[in-house]
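Residues per chain are reported as follows:
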Amino acid sequence: MRNASSGCIHRNMKLNPEAKTSGMLTVGEEEVGNTLFCPPGSGGWSPLDNDHYQWLQVDLGGRKQVTALATQGRYSSSDWTTQYRLLYSDTGMNWKPYHQDGNIWAFQGNANTESVVRHDLQHALVARYLRFVPLQWSSEGCIGLRIDVYGCAYWADLINFDGQGVISYRFKMKKMKILKDVISLKFKTSESEGVILHGEGQQGDYITLELKKARLVLLINLDQRSKSSNQYGSILGHTSVTSGSLLDDQHWHSVVIERYRRNVNFTLDRHIQHFRTNGEFDHLDLDYELSFGGMPFSGKPSSGGRKNFIGCMESINYNGDNITDLVRRRKLDTSSFRNLSFSCAESHTFPAFFNATSFLHLPGRSEHHTVSISFMFRTWNPSGLLLFSILADGTLEVGLSDGKVSIHVDVTQKKNTRIEISSGSGLNDGQWHEVRFLAKENFAMLTIDGDEASAVRTNTPIQIQTRGSYYFGGCMANTGSSTCTSITLDRSFQGCMQLIHVDEQLVDLQAVEQGKLGDFENVSLEMCAIIDRCVPNHCEHGGRCTQTWDSFSCTCDGTGYTGATCHTSVYEQSCEAYKHLGRTSDTYWIDPDGSGPLGPFKVSCNMTEDKVWTTVANSLPAQMPISGSSREKRMVLQLNYSASMEQVTAVTSSAEHCEQYVAYVCRSSRLLNSPDGTPYTWWLGRGSEKHFYWGGSGPGIQKCACGIERNCTDPKYYCNCDADHKREDSGVLKYKDHLPVIQVAVGDTNRPGSEAKLTVGPLRCQGDRNYWNAASFTTPSSYLHFSTFQGETSADISFYFKTSAPYGVFLENLGNTDFIRLELKSPTMVSFSFDVGNGPVELAVRSPTALNDDQWHRVSAERNVKEAVLQLDQQYREVRPAPPQGHTRLELYSQLYVGECSTPRGFLGCIRSLKMNGVTLDLEERAKVTPGVKPGCSGHCTSFGVYCRNGGKCVEKYNGYSCDCTSTAYDGPFCTKDVGGFFEAGTLLRYNFLPEVASAAVMEVRSPSGTLGSEVNLTREDLAFSFSTSSAPCILVYISSRTQDYLAIVLRQNGTLQIRYNLGGLREPFTINLDQRNMANGQPHSINISRVEKVIQLFTFCDKIIIVELSTLPLCHPLFLETGQIDPVLIEKYNTPGFVGCLSRVQFNSIAPLKAALRSRVSAPVSVQGKLVESNCGASPQTISPMSERVVPDGVNRNSAIIGGIIAVVIFTILCTLVFLIRHMFRHKGTYHTNEAKGAESADNADAAIIVNDPNFTETIDESKKEWFI
């Protein structure tokens, strides 16, 4: 039920006679439901004086829950209130101001007399008394007010705790094993210490909720493994969480504890902390009872002398039982209470609240030779004037300096005498502290917090005579003391005081408020409005919060973050990002989620290759010896990484590829017990899932690398070690969703002679998909939508963009009135605008150069409770401080739009690496299903990358692009220039493969440690080259192997080309003869050979494709490249007199041996015997840069081009016709078929394939080197 209480007061209504300037209104039940609109003549409330001491107090007749307020000005007048503050109380004393967004809230009132302004409270309050305090009012008249209060009835059972009584809630069973708890209650107290609830078990489990230094502390231990004498059990299971501060304010505070297993929600006054308890157990084992209000009398002595709770509790509930109701009905044991009361015993303290312009003037005894002053204070400021008094011949000053209380007494009666004493430290912690100062003839003493043992005394000869005036918190301007005025200006006191004693008499502050005693200015009596601006802590990522009375600041030193709230990471997100900042290989700190919860961590970045590798080390030594393990009792090796599992997961999730090398060196120690047995060894990966495959294999396959390659020592097994000999199984784990390896369990090293050594290498990941995640917006109306951005109190956005458009909205998210927007406002300006309820704010950054230059630009924006920041290209920056008071929460409701959906100012261009509060939005995935948006970014390489020919890689640059020809056999700006050489008689080029094993993309690393040598296992190879010669026979290319594998391309005596393949498993090599014409004719010829497992493709002139199926070979038999020398039969038969001519464009897979010999700027494993002279072999066409245009005059070059084209077509037709007339002969068992591509303009020459078998070809292999011979 919702009620409305109204108050209408005539100007001549008799106000409270005890109040100096106030109005009081009591609302009875019969008045519930009235409206603001009073009868004629009922004008509303207007005080006699118009100053900041006026207030209107409403008595609701009992505690009510208030949800909304509404105001009007005084009827038919020029009197209204434009801004006011709301105070509330249960007793009409000890008022509490209404807080919102971390500040004492000021409500906006009326702009005229008739309009109604309503405010729904952000959080409801419960109170009997309300005070409306006008802050600003009509400039045309006076203060005027009519009010409505909206809310509903409130009732709750109360229990008063006197510090002696404890409520014992006995369990139905002697021991309880509790999996789930829900505890809720409300409390209020003026004490800073006290146990609110406690329960414990004999196994060491416990739960305690207590006040410590006016903060609420929750202690839980579920870990029952320890049976030590310590009642609090295992230290490993102990969990302590602190919440709130200043809870000794004698106001109600609400607590809810929700626990399920180890997951806990701890809520204090709507602020929720989520945490997970330490230890491994889920149940809370308690014995006998749970006590409220203190420790049970049967508690163990190690309870540490904790104080019981003094104050009130209401609405105590435990797992559905209403404890307060059970107490009222005498269902629980309350025998420890001396006098059980169901109403709160109110505190008699009367606080006073001081601001920067306040003072409180109190009288004392005059012409007395003793000064006796005591009071309690609390503040956040390290310095401030606490007390000032003018003596008969000198001054007395009590101040706070750097958190210490300092006394300065100056007496000049006969000779100048000065007393300076100080005591205490850190007294600006917001807690109540007591100061007692006594000074008399030749004696002075200062005592802090009643600690007599630490009291500071002095016996300096001094004569003191008082004048009877004491100024607390400041001093009046007309005191006549320049000292007081200067002190007040320099360091006035901001905080609260209570229990003020002058001349050992307690000062009646109620009499001061009523004007009967002393005087004051800008002091708020009956309240202490101190705010802890560090609770909740807005300093993120471990930043240290410090505060003064008006603001807080964050110290971010050592956190890895920066900014006003330590929100922004100072590190890049990945090794990929460091590379594009121009960094080289080194160890770096990375922060994959930026401002997210993951902290920064160190990794090794290898940038020497084309791909960037990130390496995360682990704690397991290489060749770790293992012994004494069995299948029943495995040895479990735990791997700890240089980063947490969450951090490692962030690396693997964004990487394109991850791998981890593992090796098991064994002697009589089986590994996987393949093929059908239970594995002796398994490993745990991410997610703590067991895996039974080894390096070189894959998920679901209980094999090692040799089992996949079918080359295990014993073919009956799928691992070398399973044959129970001295062997090794090693390889690379590549399924990144299982990585990294976090645990290995070994189970067969307990037999006589058993021995094993385990190696688990570091985790290596390549690429960063988040860094390159991009989308292209092709129309002004195109956009992507995502879920609502959650950035209530702290938000950061960063991304890269490039565009040629002069303007466009990057992203936008709307609320009812709140919004956030990033926009390209003009070709040189980026803006960041938002509204959190205080009105729109816009930050703008200008660039001296145009931003629509189709180059990448970086934008980062941050908004928090302290400031807003916009930065462009890490150079141009604007900072806007947040207002000292006002709304701080950004409340958004619509979807987040990347691009603009509601106006024609949409964005045209590319956006990539969009991060919001540390989360990368998957633009590419969303763009796949969104019209008008394409995944990826069409940059320079998308437009011009086609000009990087022959496998050259396009590289983006700010001013264009370039072609990287490193991995090709070509050179030049577009990788179209042949790299060739002229070979004289006796010239030989030799390329050793061993150094290339580790980097070749198609090669498989067998032993990175080098202990077993390196081996390349190819089921596919691509060979391409061009040649011209007039001599035959000769060997063009030969690739040797350690077994019976080789590949040779030779010219026979008649100048025809022959290809010889031996892939093992055959007695004789496979030969393919291209003998339709003489190729030793001095003309350039091009050959491309590509084999995938059993299929060979030969590409010749006219793009004739000859596909040969090697049907007699074993399935998927690979070519092994390791060590060997050239067949002497080939040397005898085809290498006399040897090759004399030109070779160019030579490339085998990713290796260009001829280019390495002629152009390599670094050391390459290539050697030349004889004289090799660089030449283009007459095969390179003239190339014109696609970035420039050539103007051809009409009638000249155009006619020549037409004539040349006709001649080329005629020659092309003749050659293709000759090809069809050639007969193909078969000399080897096998099949082949041909596919001829018609109209292939880019073909170089015409060849036909004849498969033959030459029985005279034999091999002899020497395992020494792995080489090319050209």
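Residues numbered from 1 in each chain as written. Predicted model: local features only at pLDDT ≥ 70, side-chain atom pairs only at ≥ 80, totals over all residues. Heavy atoms only, no water.

- The protein goes by Contactin associated protein 2 in an unreviewed UniProt entry, where it is assigned to Scleropages formosus.
- Here is the UniProt Sequence similarities (unreviewed entry) comment for the protein, exactly as written: "Belongs to the neurexin family." (UniProt positions renumbered as here; feature names shortened; annotations may be inferred.)

Some remarks on the overall build of the protein
Part 1 of the argument: Scanning the protein from N- to C-terminus turns up 12 helices and 87 strands.
Part 2 of the argument: For the protein, with 1270 residues in total, the buried portion stands at 52%.
Part 3 of the argument: Across the protein, the fraction of contacts at a sequence separation of at least 24, relative to all contacts at a separation of at least 6, is 71%.
Part 4 of the argument: A total of about 56,600 Å² of accessible surface is found on the protein, and carbon and sulfur atoms cover 50% of it. (Helix = DSSP H or I, 4+ residues; strand = E, 2+ residues; numbered from the N terminus. Buried < 20%, exposed > 50% of the residue type's maximum accessible area, 1.4 Å probe, protein only. Contact = heavy atoms within 4.5 Å. Areas by Shrake-Rupley, 256 points an atom, 1.4 Å probe, with all protein chains shown as cover.)

Some details on the state of the cysteines
Two cysteines, two sulfur atoms, one covalent bond between them: this is a disulfide.
Part 1 of the argument: Evaluated as defined, the whole model comprises 12 disulfides.
Part 2 of the argument: For cysteine 496, the disulfide goes to cysteine 528, at an S-S distance of 1.9 Å. One disulfide, between cysteine 496 and cysteine 528, carries an S-S torsion of 95 degrees and so falls in the right-handed class. Highlighted residues: cysteine 496 in strand S34 (residues 495-502) and cysteine 528 in the loop between strand S36 (519-525) and strand S37 (544-547), separated in sequence by 32 residues. For the residue pair cysteine 496 and cysteine 528, the accessibility class agrees, reading buried in each case.
Part 3 of the argument: With its sulfur 2.0 Å from that of its partner, cysteine 706 forms a disulfide with cysteine 712. (Disulfide = S-S within 2.5 Å.)

Digging into the UniProt feature "domain: EGF-like" (unreviewed entry) in the protein
Part 1 of the argument: UniProt records the feature "domain: EGF-like" (unreviewed entry) at residues 530-567 and 938-976, using the numbering of this structure.
Part 2 of the argument: Helix makes up 0% of residues 530-567 and strand 26%, whereas the separation of the span's terminal C-alpha atoms amounts to 27 Å.

Details of the side chain of arginine 63
Part 1 of the argument: The residue arginine 63 is located in strand S3 (residues 56-72) in this model.
Part 2 of the argument: In terms of polar contacts, arginine 63 uses its side chain to reach the side chain of glutamate 314, at 2.9 Å.
Part 3 of the argument: If near-sequence neighbours (up to four positions away) are discounted, arginine 63 is found in contact with Asp90, Val126, Ala127, Arg128, Tyr154, Leu158, Trp252 and Glu314. (Polar contact = N/O pair within 3.5 Å; in protein donor to acceptor, adjacent residues only side chain to side chain.)

Quick word on the pattern of salt bridges
Part 1 of the argument: Applying the stated criterion across every chain yields a total of 36 salt bridges.
Part 2 of the argument: In this structure, arginine 418 and aspartate 410 form a salt bridge, with 2.6 Å as the shortest nitrogen-oxygen distance.
Part 3 of the argument: Note on arginine 418: relative accessible area 44%, which makes it partly exposed.
Part 4 of the argument: Exposure remark for aspartate 410: the relative accessible area of 24% places this residue in the partly exposed category.
Part 5 of the argument: As a salt-bridge pair, lysine 825 and glutamate 842 come within 3.0 Å of each other at their nearest N and O atoms. Here lysine 825 is found in strand S56 (residues 819-826), whereas its partner glutamate 842 is found in strand S58 (residues 841-846), with 17 residues between them in sequence.
Part 6 of the argument: It is possible to trace a salt-bridge network through shared partners that takes in Arg63, Asp90, Lys188 and Glu314. (Salt bridge = Lys/Arg side-chain N within 4 Å of Asp/Glu carboxyl O.)

What to know about the nonpolar core
Part 1 of the argument: Membership of the largest hydrophobic core comes to 45 residues, with the highest contact counts inside it found for Tyr664, Trp694 and Leu758.
Part 2 of the argument: Going through the elements one at a time, helix H4 (575-579), strand S41 (586-590), strand S42 (601-606), helix H5 (645-654), strand S46 (657-667), strand S47 (682-684), strand S50 (743-746) and strand S51 (755-766) are the ones with two or more residues in this core. (Core = buried A, V, L, I, M, F, W, Y, C linked by side-chain atoms within 4.5 Å.)

Observations regarding the sheet that holds strand S57 (residues 829-835)
Two modes of strand pairing occur in sheets, parallel and antiparallel, and in both the strands are linked by backbone hydrogen bonds.
Part 1 of the argument: Spatial ordering of the open sheet is given by S53-S62-S55-S56-S57-S58, a layout of 6 strands whose pairing is antiparallel. The strands lining the two open edges of the sheet, one partner per strand, are strand S53 (783-786) and S58. Averaged over neighbouring strand pairs, the angle between their axes works out to 15 degrees when direction is ignored.
Part 2 of the argument: The pairing of strand S55 (residues 808-814) with strand S62 (residues 896-899) spans 2 bridges and is antiparallel. By the bridge assignment, glutamate 812 is partnered in S62 with tyrosine 897. (Pairing = 2+ DSSP bridges. Axes fitted to C-alpha atoms, helices over the stretch in contact; angles between N-to-C directions.)

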